Each structure stands twice: as structure tokens, then as C-alpha cells.
Amino acid sequence: MKVSTLFITLHAILVGSSFAFQSARKPAKGSSLQMTILSYGGKKKDFKAGSPLKSAASALGVKPKYSCKKGDCGSCTLSVGGQRIKACVGKVPPEPRLKSLQEKGLEIR
């Protein structure tokens, strides 16, 4: 009786711990990249969601002031679609769900 209880307990521990070491699922190869349209001064460009906002802003011609380059001072803050994001540490936001904003793009100020 004790041997079977020990076996069941040992099996439960091994199976439970194996789930802790599984890698996260990767997106399917056929899935499309989520792109966000950003606009500034009449220019519109597509950027990958999650890419650095600093490089996206410079590609559109926006030149924010950088002081600390760590996000502490806030001198590089930009308004992207009405949301304030620090350009030195911020990421390009995901594509909005409203179709009108998807076509126009999120405006950078």
C-alpha cells in the first residue's frame, strides 16, 4: 500500500514540474505581424507594434529632446494618439480597434 502511494505522489510531482519547464507557444507561421500606422505632419508610416518609439519617431521626422535617456526626466514625452509616452523607453502601441483610427493612423504630437 505504501509503495503505490509513494509511486502516485512521485508521479504527480514529476508531471507537475514538467509543465513548469515548457516554453511559451510561438505564433503560427501564417499569422500576420501587427502593424500600427503612425502619422506626423502629413506623413504616414507602418511600424511594428512593440518596436522602439524612439526609432519610429525619428523615421517620421519628430526630434524629441533627450536628457536622461532612461525615462526619469520626461523631457522626451510624446503624445501618441492622445496617450503620453516617453520616447526614450516607450514602445509603439498596438493597432487601435476603431477602423477610422486604423486608416488615419495614430497622430504623434
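Computed from a prediction, not measured in an experiment: that's the story for all the values here.

**Student:** Would you mind going over the nonpolar core with me for this structure?
**Tutor:** A general feature of soluble globular proteins is that nonpolar side chains tend to end up buried together. Ranked by internal contacts, the top residues of the largest apolar core, which has 16 residues, are Leu38, Phe47, Leu53, Leu78, Val80, Val92 and Ile108. Looking at which element gives the most residues to this core, the answer is helix α2 (residues 53-60), with four residues. Once you skip the residues sitting within four places of it in the chain, Val92 turns out to touch Thr36, Leu38, Phe47, Lys48, Ala49, Gly50, Ser51, Pro52, Leu53 and Ala56.

**Student:** Teacher, can you tell me more about the pattern of salt bridges here?
**Tutor:** Oppositely charged side chains can form a pair if their charged atoms are brought close together. For the structure on display, the rule yields two salt bridges. Residue Glu107 is joined to Arg109 by a salt bridge in which the shortest nitrogen-to-oxygen separation is 3.6 Å. Exposure remark for Glu107: the relative accessible area of 40% places this residue in the partly exposed category. Exposure remark for Arg109: the relative accessible area of 66% places this residue in the exposed category.

**Student:** Help me understand the pairing of strand β1 (residues 35-40) in this model?
**Tutor:** As a general feature of sheets, a regular strand has side chains that alternate between the two faces. In terms of strand pairing, β1 meets strand β2 (residues 43-48) through six bridges, oriented antiparallel. The residue bridging Ile37 from the neighbouring strand is Asp46, located in β2. Taking the residues that link successive antiparallel strands as the turn, the β1-β2 hairpin has two residues, and the phi of Gly41 there is positive, at about 60°.

Cut-offs applied
Residues numbered from 1 in each chain as written. Predicted model: local features only at pLDDT ≥ 70, side-chain atom pairs only at ≥ 80, totals over all residues. Heavy atoms only, no water. Core = buried A, V, L, I, M, F, W, Y, C linked by side-chain atoms within 4.5 Å. Buried < 20%, exposed > 50% of the residue type's maximum accessible area, 1.4 Å probe, protein only. Helix = DSSP H or I, 4+ residues; strand = E, 2+ residues; numbered from the N terminus. Contact = heavy atoms within 4.5 Å. Salt bridge = Lys/Arg side-chain N within 4 Å of Asp/Glu carboxyl O. Pairing = 2+ DSSP bridges.

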